Protein chains: 2
Amino acid sequence: MQIIADNIQITNKKIEKALNDMDALPIQELASQCKNAGANAIDLNSGPLLKQAEKKMTFLVNVVQEIVDMPLLLDTSNPSAIHAGLKACNGNAIINGFSLEPAKLKNILPLAREFNCKIIGYLLDKNGMVPPNADERMRVAIQLYEEFSKMGLRTSQLVIDPVLVPIMWQDGPYQAMEVLDVIKTLPDLLGFPVQTIIGLSNLTTTNGPRTKKLIIEEAFLSMLAMAGLSMVLMNINHQRTTSIAMACNALIKGGIFSWEEILQETVPQ
Amino acid sequence: MQIIADNIQITNKKIEKALNDMDALPIQELASQCKNAGANAIDLNSGPLLKQAEKKMTFLVNVVQEIVDMPLLLDTSNPSAIHAGLKACNGNAIINGFSLEPAKLKNILPLAREFNCKIIGYLLDKNGMVPPNADERMRVAIQLYEEFSKMGLRTSQLVIDPVLVPIMWQDGPYQAMEVLDVIKTLPDLLGFPVQTIIGLSNLTTTNGPRTKKLIIEEAFLSMLAMAGLSMVLMNINHQRTTSIAMACNALIKGGIFSWEEILQETVPQ
């Protein structure tokens with residue numbers, strides 16, 4: 001399970017300001033911090049970038065790849081910004097992402113072919129709504145894969161996000177279990193080793209005590225790892241959660257165990 | 001998944017002394033602490049009790065059940081001590097436990113029939129050795145269940161411990177994954193909803209940094225819960241680990257989620 005840092009995002013005021021001012025330093029500091037904390041890839045969530053979209057995404061990709069050499073996820077609904085980011089990216093880029101929403105099928109999915117890169121497909125219906133259970137998510141997965149295949153893309157380019165919902169939703173725990181089921185079942189359903197990604201913080205986006213939110217995320221993260229999740233998108237500053245991810249990897253991958261693979265918890269959360 | 005406190009054990013110097021001196025207070029304080037920390041049952045690990053076995057186990061059961069009203073696990077290899085404990089116990093008792101070792105089949109297993117109580121069966125071979133993989137554990141489980149059935153016991157009286165080994169053993173992570181597999185497969189193998197128990201601390205009994213040990217235990221605990229484990233035997237003073245167990249239960253049981261079900265982490269570990 002790869003650890004993708006979700007820390008570089010426009011909802012972070014520092015990042016918002018740095019992107020507006022085209023100020024490399026705060027972004028590079030955060031990118032460097034993500035790397036040191038154990039991230040295997042970094043999500044660049046720029047928001048929709050209503051003004052100077054191409055210029056800003058190009059800037060964002062360039063300043064980050066000056067500092068770290070790892071896959072970058074281009075996380076915006078703006079196709080021009082994604083296009084510019086893909087053009088700027090020297091290494092591996094992952095488009096984040098498309099769904100059955102017509103505008104995304106038309107404007108974002110083709111970019112995966114043009115740039116021969118991975119793309120995240122969300123299991124949302126064509127109106128962008130979350131399916132109510134595992135069966136509906138499977139139905140959406142089949143449709144999504146059909147659209148993906150029509151585009152002539154290779155199975156290894158697809159990363160599916162089954163879409164986690166907040167635990168506090170009326171059927172939150174049920175949906176969380178359904179998501180585990182989807183992760184386990186997708187390879188059989190689609191007939192190839194389907195890569196999957198989950199945005200862990202989605203589980204606890206509603207109000208709740210911080211420590212308990214972290215505990216719920218940690219408990220569910222191990223379940224996701226066990227279900228075979230390929231990538232977890234998470235706050236890399238949650239150091240104990242990151243350590244749990246690494247512990248899961250050490251347990252699951254087998255071989256000789258070493259305590260060194262698991263980060264020491266050195267900061268309070 | 002029920003949480004069984006493993007705190008009342010003879011390796012705790014305070015408990016050893018209290019048991020030798022027949023001093024109720026330290027034992028009752030610890031029992032009360034186990035209850036307050038969220039234990040659903042308490043394991044009474046008296047050791048082999050070479051002297052005054054019956055008297056001491058009777059004392060132990062009596063002082064604990066004066067304070068808490070929950071199932072007690074009688075954890076000793078001494079059949080006379082188990083017998084005395086079962087006689088003294090007012091509520092539910094669980095014998096901990098038997099295996100294919102001839103002396104245990106002969107002297108401990110019949111006590112489950114005599115007292116009509118649950119008994120833990122360890123998946124160890126007849127020499128008390130740990131099987132090398134899931135297949136061998138399954139083979140032992142079938143033999144164990146045959147012995148159990150011959151005794152005329154009901155399936156609901158059996159609790160199987162698939163035996164976790166230290167992560168630092170050469171094949172530790174592999175064995176841990178095999179144990180998950182056994183927990184998932186036992187109901188299909190034996191044809192009834194097999195109850196299972198795991199001693200979580202077995203995973204980290206070798207040397208290692210304390211924080212990292214806790215992280216490994218927490219990561220694996222969620223996997224155990226997801227695999228369908230019925231009971232986890234653990235140190236109830238590891239408050240964050242207890243919270244993880246409760247978080248797993250809240251996630252798995254479904255229904256409306258409440259933050260109150262998950263203990264607040266109030267003490268450093």
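Calculation rules
Residues numbered from 1 in each chain as written. Chains lettered and ligands numbered in written order. Predicted model: local features only at pLDDT ≥ 70, side-chain atom pairs only at ≥ 80, totals over all residues. Heavy atoms only, no water. Phe/Tyr/Trp six-rings, centres within 6.5 Å; stacked < 30°, edge-to-face > 60°. Least-squares fit on C-alpha atoms with pLDDT ≥ 70 in both. Contact = heavy atoms within 4.5 Å. pLDDT = per-residue confidence, 0-100. 1 Å grid on protein atoms, 1.4 Å probe; cavity = no way out; pocket = protein on both sides within 12 Å on 5 of 7 lines; lining within 4 Å. Points joined across faces, edges and corners; volume = space filled by probe spheres on them. Helix = DSSP H or I, 4+ residues; strand = E, 2+ residues; numbered from the N terminus. Buried < 20%, exposed > 50% of the residue type's maximum accessible area, 1.4 Å probe, protein only. Pairing = 2+ DSSP bridges. Axes fitted to C-alpha atoms, helices over the stretch in contact; angles between N-to-C directions. Parallel < 35°, antiparallel > 145°, perpendicular 65-115°, else oblique.

**Student:** Which residues make up the packing of aromatic side chains, and what are the values?
**Tutor:** For the structure on display, the rule yields six aromatic pairs over all chains. Note on F257 of chain B and W259 of chain B: the rings are 4.9 Å apart at their centroids and 90° apart in plane angle, and the pair reads as edge-to-face. Of the aromatic side chains, those joined through ring pairs into one cluster are Y145, F148 and F192 of chain A.

**Student:** I'd like a rundown of the relation of the copies chain B and chain A, residues and numbers included.
**Tutor:** Rotating chain B by 180° about the axis while translating it 0.0 Å along that axis superimposes it on chain A, leaving an RMSD of 0.0 Å. Interpreted geometrically, this transformation is the action of a two-fold axis. With an isologous cut-off of 70% or more, the 100% of interface residues of chain B that recur at the interface of chain A puts this contact in the isologous class.

**Student:** Explain the confidence of the model for chain A to me, and be specific about the residues and the numbers.
**Tutor:** Residues and elements named next belong to chain A. This prediction gives chain A a mean pLDDT of 95; 98% of its residues lie at or above 70. Across residues 265–269 the pLDDT falls below 50, and counting only partners more than four positions away or on other chains, this stretch makes 13 contacts in the model. Scored by ipTM, the complex comes to 0.93, with pTM at 0.95.

**Student:** So what's going on with the layout of surface pockets? Which residues, and what values?
**Tutor:** All names here are of chain B. If you add up the space inside the largest pocket, you get close to 510 Å³. In this structure, the largest pocket is lined by 22 residues; those nearest its centre are N45, D75, N96, Y122 and L233. Breaking the lining of the largest pocket down by element, the ones donating at least two residues are β2 (41–45), β4 (93–98) and β7 (195–199). Ranked by the residues each element gives to the lining of the largest pocket, the list is headed by β4, at three residues.

**Student:** Please set out the environment of A219 of chain B residue by residue, giving values where relevant.
**Tutor:** Relative to the elements of secondary structure, A219 of chain B occurs in helix α9 (residues 210–227). Residue A219 of chain B is classed as buried on the basis of its relative accessible area of 0%. For the pair A219 of chain B and T241 of chain B, spaced 22 residues apart in sequence, the C-alpha separation works out to 9.3 Å. Ignoring sequence-local partners within four residues, the contact set of A219 of chain B consists of S222, I244, A247, C248 and L251 of chain A.

**Student:** Before we move on, could you go through the sheet that holds strand β1 (residues 2–5) of chain A and cite the residues and values that matter?
**Tutor:** Residue and element names in this part refer to chain A. The strand order β1-β2-β3-β4-β5-β6-β7-β8 describes a closed barrel built from eight strands, whose pairing is parallel. The sheet shows a mean angle of 25° between the axes of neighbouring strands, direction not considered. Examined bridge by bridge, strand β7 (residues 195–199) and strand β8 (residues 231–234) share three bridges and lie parallel to one another. Pairing of I198 across the sheet is with V232, part of β8. Seen against the sheet, helix α7 (residues 134–150) touches β4 (93–98), β5 (118–122) and β6 (158–161) and runs at an angle of roughly 150° to β5.

**Student:** Quick one: what's the story with the packing of helix α1 (residues 13–21) of chain A against helix α2 (residues 24–36) of chain A, residue by residue and with numbers?
**Tutor:** All names here are of chain A. Viewed as axis vectors pointing N to C, α1 and α2 meet at an angle of 135°, and their least axial separation amounts to 7 Å. By the criterion of interaxial angle, the relationship of α1 to α2 is oblique. Note on element contacts: α2 touches α1 through P26, I27 and L30, opposite I15, A18 and L19.

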